[in-house]
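Residue-level listing of the chains:
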Amino acid sequence: MRCMLLSVATALTTMALKAGAAWITGSVGLLSDALESGVNLVAAVVGVFALRAAAKPPDENHDFGHGKAEYLSAAVEGAMIFAAAGAIVWTSVERLLEPQPLTELGLGLFLSAGSSVLNLAVGLLLLRVGRQHRSITLIADGKHLLTDVWTSVGVLVGIGLVALFGWYVLDPIVALLVGLNILRIGYGLVRESVVGLLDAALPADDVAQVQQVLDRYRDESVTILPPRTRASGRQRFVYLTVRVPGDWTVRAGHDLLDRVEDDVRSALPGTTVFTHLEPIGKVARRR
């Protein structure tokens, strides 16, 4: 949550710096950069509410918690990116048809470069913390900030060429390229959130760790079927079917399942494990 609040503060600061640079220079490229920072601000605010919702414990209407709220946040951010990209492309085409001279380029470049450094530092922090806590909200916001950095670099190069050679047509061309790149990023975020909402399996590395645990229990008398898994934001779920000899006692089977569940949770901390016990072979029915 502290990281998301930091992201909100960063978005406010960079948006102000870039908007100031665009106003001073009259550059549509810098304006497109400022619009993307505005998207960062909206996404960060949405992310704060998403993290609060995802942190709520299970209740009578949500037995498995609220982890999928983070996927909704990523979807909203992707939609906002599409909206910003549309505005950027529209403005760029207008300026491409009627190029205009730019002013005070030195100060504008300085303000934009300062905002890029701030975005780089915060974006790397969000990615590190997001991967540590498996938060799609933080990861999406971190990727967006780093994308903003590359966007700003492209804009700075374009404005620099305008300053050196007076090629004013470069300004809307750079802005148009920025808009197209933002569309690509927005598509990726929306796709990732949709996949998550459809109960995608855990990453291959997580499944491999579960498999290593299960392999320790397989012998001539015990069979464990391949695990079924799903992710819900930061939450992980593993479903196991364990087959044991039909003449085992209920206590023996229950103790085995407890050990398997504990070992899986040790390998993947915070994972919710569901186990189902089935007998191998036929057992005479008791009257």
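Look above for the structure.
Just so we're clear, the structure is a prediction, and the values are computed from it rather than from any experiment.

Chemist: I would appreciate a short explanation of helix H8 (residues 250-267) in the present structure.
Modeler: The α-helix advances 3.6 residues per turn, and as a result positions three or four apart in sequence lie on the same side. Spanning 18 residues, H8 covers 26 Å between terminal C-alpha atoms, matching the ideal 26 Å at 1.5 Å per step. On its buried face, H8 sits against helix H7 (204-215), strand E3 (235-245) and strand E4 (272-280).

Chemist: Got a minute to help me understand the environment of Val 190 in this structure?
Modeler: Examined against the element boundaries, Val 190 turns out to sit in helix H6 (residues 170-197). Given a relative accessible area of 26%, Val 190 falls into the partly exposed group. Remark: the alpha-carbon pair of Val 190 and Ile 81, spanning 109 residues in sequence, is separated by 9.8 Å. Beyond its immediate stretch of four places on either side in the chain, Val 190 contacts Ala 75, Gly 78, Ala 79 and Phe 82.

Chemist: It is not clear to me how the packing of aromatic side chains should be interpreted in this structure. Could you clarify?
Modeler: Two measures describe an aromatic ring pair: the distance that separates the ring centres and the angle between the ring planes. Summed over all chains, the structure comprises two aromatic pairs. Ring geometry for Phe 237 versus Phe 274: centroids 6.4 Å apart, planes at 20°, classification stacked. Here Phe 237 is found in strand E3, whereas its partner Phe 274 is found in strand E4, with 37 residues between them in sequence. Judged by relative accessible area, Phe 274 falls into the partly exposed class, the value being 32%. With a centroid separation of 5.0 Å and an interplanar angle of 10°, the aromatic rings of Tyr 239 and Phe 274 are classed as stacked. Of this pair, Tyr 239 sits in strand E3 while Phe 274 is found in strand E4, placing the two residues 35 residues apart along the sequence. Grouped by ring-pair contacts, the aromatic residues Phe 237, Tyr 239 and Phe 274 constitute a single cluster. Between Arg 230 and the ring centre of Phe 237, over which it is positioned, the NZ or CZ distance is 4.2 Å.

Chemist: Any chance you could explain the pattern of salt bridges here in plain terms?
Modeler: Between side chains of opposite charge, pairing is possible as soon as their charged atoms come close. What the rule picks out here adds up to six salt bridges. When the shortest N-O distance is used, the salt bridge between Asp 206 and Arg 236 registers 3.3 Å. On the criterion of sequence distance, the pair formed by Asp 206 in helix H7 and Arg 236 in strand E3 is long-range, its members being 30 residues apart. Residues joined by salt bridges that share partners form a network here, namely Glu 261, Asp 262 and Arg 265.

Chemist: Please clarify how the pairing of E4 should be interpreted in this entry.
Modeler: One face of the sheet, then the other: side chains in a regular strand alternate in exactly this way. Of the strand pairs in this sheet, E3 and E4 are connected by nine bridges, and their pairing is parallel. The partner of Val 238 across the bridge, within E4, is Val 273. Crossover E3 to E4 through H8 is right-handed.

Chemist: Looking at this structure, I do not really get the side chain of Ser 116. What am I missing?
Modeler: Mapped onto the elements of the fold, Ser 116 is located in helix H4 (residues 105-133). According to the relative accessible area criterion, Ser 116 is buried, its value standing at 7%. With residues up to four places along the chain from it excluded, the contact list for Ser 116 reads Val 149 and Ser 152.

Chemist: Help me out: how do you make sense of the nonpolar core in this one?
Modeler: Looking at soluble globular proteins, one finds that nonpolar side chains tend to be buried together. Counting 18 residues, the largest nonpolar core has Leu 214, Leu 240, Val 242, Leu 256, Val 260 and Val 264 as the members making the most contacts within it. Secondary-structure elements contributing two or more residues to this core are H7, E3 and H8. In this structure Val 242 touches Val 222, Thr 223, Ile 224, Leu 256, Leu 257, His 276, Leu 277 and Glu 278, once residues within four positions along its chain are discounted. Within the second largest apolar cluster, 17 residues are counted, among which are Ala 22, Val 39, Ala 84 and Val 178.

Analysis parameters
- Residues numbered from 1 in each chain as written.
- Predicted model: local features only at pLDDT ≥ 70, side-chain atom pairs only at ≥ 80, totals over all residues.
- Heavy atoms only, no water.
- Helix = DSSP H or I, 4+ residues; strand = E, 2+ residues; numbered from the N terminus.
- Expected span 1.5 Å × (residues − 1).
- Contact = heavy atoms within 4.5 Å.
- Buried < 20%, exposed > 50% of the residue type's maximum accessible area, 1.4 Å probe, protein only.
- Phe/Tyr/Trp six-rings, centres within 6.5 Å; stacked < 30°, edge-to-face > 60°.
- Lys NZ or Arg CZ within 6 Å of the ring centre and 35° of its normal.
- Salt bridge = Lys/Arg side-chain N within 4 Å of Asp/Glu carboxyl O.
- Pairing = 2+ DSSP bridges.
- Right-handed = clockwise from strand over helix to strand, strands pointing away.
- Core = buried A, V, L, I, M, F, W, Y, C linked by side-chain atoms within 4.5 Å.

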